[in-house]
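# Descriptive analysis of the structure
Given next are the chains, with one letter for each unit.
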Amino acid sequence: MSELAEWDSFYVIVGGAAGALIGLQFVVMTLIAEKPSPGIVEAGPVFTTPTIVHFSAALLLSALLRAPWPSVTLAALACGAVGVCGLAYVLVVTRRIRKQSGYKPDAEDWLFYVVLPIVAYLLLSLMPLPSLAYERETLFAIGGGVLLLLFTGIHNAWDAVAYQVFVLRKPDDPR
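Residues numbered from 1 in each chain as written. Predicted model: local features only at pLDDT ≥ 70, side-chain atom pairs only at ≥ 80, totals over all residues. Heavy atoms only, no water.

### Some points on the overall build of the protein
In terms of regular secondary structure, the protein is built from six helices and zero strands. In the protein, the succession of helices and strands from N to C terminus is α-α-α-α-α-α. Looking at the protein as a whole, 43% of its 175 residues are labelled buried. Carbon together with sulfur atoms contributes 71% to the accessible area of the protein, which is approximately 9,400 Å² in total. (Helix = DSSP H or I, 4+ residues; strand = E, 2+ residues; numbered from the N terminus. Buried < 20%, exposed > 50% of the residue type's maximum accessible area, 1.4 Å probe, protein only. Areas by Shrake-Rupley, 256 points an atom, 1.4 Å probe, with all protein chains shown as cover.)

### Here we look at the nonpolar core
Membership of the largest hydrophobic core comes to 38 residues, with the highest contact counts inside it found for Phe47, Leu61, Ile97, Leu124, Ile142, Val146 and Leu149. For this core, the secondary-structure elements that each account for two or more residues are α2 (8-34), α3 (40-66), α4 (72-99), α5 (107-126) and α6 (135-168). Not counting residues up to four positions away in its chain, the partners in contact with Leu149 are His54, Ala57, Leu61, Ala120, Tyr121 and Leu124. (Core = buried A, V, L, I, M, F, W, Y, C linked by side-chain atoms within 4.5 Å. Contact = heavy atoms within 4.5 Å.)

### Describing the confidence of the model for the protein
Interpreting fine coordinate detail is not advised for predicted regions of low pLDDT. Predicted confidence across the protein gives a mean pLDDT of 84, with 87% of residues reaching 70 or more. Mean pLDDT across the elements of the protein ranges from a minimum in helix α1 (residues 2-5), with 71, to a maximum in α5, with 95. (pLDDT = per-residue confidence, 0-100.)

### Comments concerning α5
For α5, spanning 20 residues, the distance from its first C-alpha to its last is 26 Å, which sits close to the expected 28 Å at 1.5 Å a residue. Its axis deflected by about 30 degrees at Val115, α5 carries its strongest bend there, up to four residues before the proline Pro117. Every buried residue of α5 is listed here: Asp109, Phe112, Tyr113, Val114, Leu116, Pro117, Ala120, Tyr121, Leu124 and Ser125. Capping the start of α5 is the job of one residue whose side-chain oxygen sits 3.2 Å from the backbone nitrogen of Glu108: Asp106. (Expected span 1.5 Å × (residues − 1). Bend = angle between axes of the 7 residues up to and from the residue. Polar contact = N/O pair within 3.5 Å; in protein donor to acceptor, adjacent residues only side chain to side chain.)

### Overview of the packing of aromatic side chains
Applying the stated criterion across every chain, the model contains three aromatic pairs. Judged by centre distance (5.4 Å) and plane angle (90 degrees), the ring pair of Phe47 and Tyr103 falls under edge-to-face. Taken as a pair, Phe47 in helix α3 and Tyr103 in the loop between α4 and α5 lie far apart in primary sequence, 56 residues in all. The residues Phe47 and Tyr103 share a single accessibility class, namely buried. Taken together, the ring pairs in this structure connect Phe47, Tyr103 and Tyr113 into an aromatic cluster. (Phe/Tyr/Trp six-rings, centres within 6.5 Å; stacked < 30°, edge-to-face > 60°.)

### Side note on the environment of Arg95
One can find Arg95 in helix α4. Along the sequence, Arg95 and Val46 sit 49 residues apart, while their C-alpha atoms lie 9.6 Å from each other.

### Re a nonpolar patch on the surface
A contiguous nonpolar surface patch, about 210 Å² in accessible area, is contributed by Leu111, Val115 and Val119. Inspection of the secondary structure puts Val115 in helix α5. Residue classification places Val115 among the partly exposed positions, given a relative accessible area of 41%. (Patch = residues over 30% accessible without salt bridge, like charges linked within 9 Å, V, L, I, M, F, W, Y side chains within 5 Å. Salt bridge = Lys/Arg side-chain N within 4 Å of Asp/Glu carboxyl O.)

### Details of the side chain of His155
Positionally, His155 belongs in helix α6. In terms of polar contacts, His155 uses its side chain to reach the side chain of Asn156, at 3.0 Å. Excluding residues within four positions of it along the chain, His155 makes contact with Glu108 and Phe112.

### Section: the packing of α4 against α5
Following both chains from N to C, one finds α4 and α5 inclined at 160 degrees, their axes separated by 7 Å at the closest point. Compared by their axis directions, α4 and α5 come out roughly antiparallel. For α4 against α5, the interelement crossing comes out left-handed. Where α4 abuts α5, its residues Cys79, Gly80, Val82, Gly83, Val84, Gly86, Leu87, Val90, Val93, Thr94, Ile97 and Arg98 lie against Trp110, Tyr113, Val114, Pro117, Ile118, Tyr121, Leu122, Leu124 and Ser125. Partitioning the contact of α4 with α5 into residue classes produces 15 nonpolar, five polar and one charged. (Axes fitted to C-alpha atoms, helices over the stretch in contact; angles between N-to-C directions. Parallel < 35°, antiparallel > 145°, perpendicular 65-115°, else oblique. Left-handed = near helix turned anticlockwise from the far one by under 90°. Nonpolar A, V, L, I, M, F, W, Y, C, P; charged D, E, K, R; others polar.)

Okay, here's the thing in structure tokens:
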């Protein structure tokens, strides 16, 4: 069981970052809600909710991997369950992105809202399979999936704020 114990500080850092970023995202959403932009009612939930879900998944996974599991396989199974739920959620997000008309997503949006989350959740979903024979590799793959969710969430949070500030609320041209 020492394999899992070696990851303690990693998940303390990742979990702390995810928790802090969830809080920060709520602050940003509150500020944006004071002066909502046109189209935000339809496009906002489609593009902001996945960010909170990915941060929350990273926080949940960090908590799960800090639990005193008797084996890496049981921890991997718990992570696999989160991964399967995440995959289902990304399919819902994909449908919502296609249905909304408030914002036309570009290639970068598809990458960060669909492709990278699918890769992260696939890593988590598939990791219980080799966990009996490859504990160390399993833990690295789970860690990679969690970090990918965290970094995807960071990108998406920044992208949403930058879009609000620089595109929808451009400063008036003094000319």
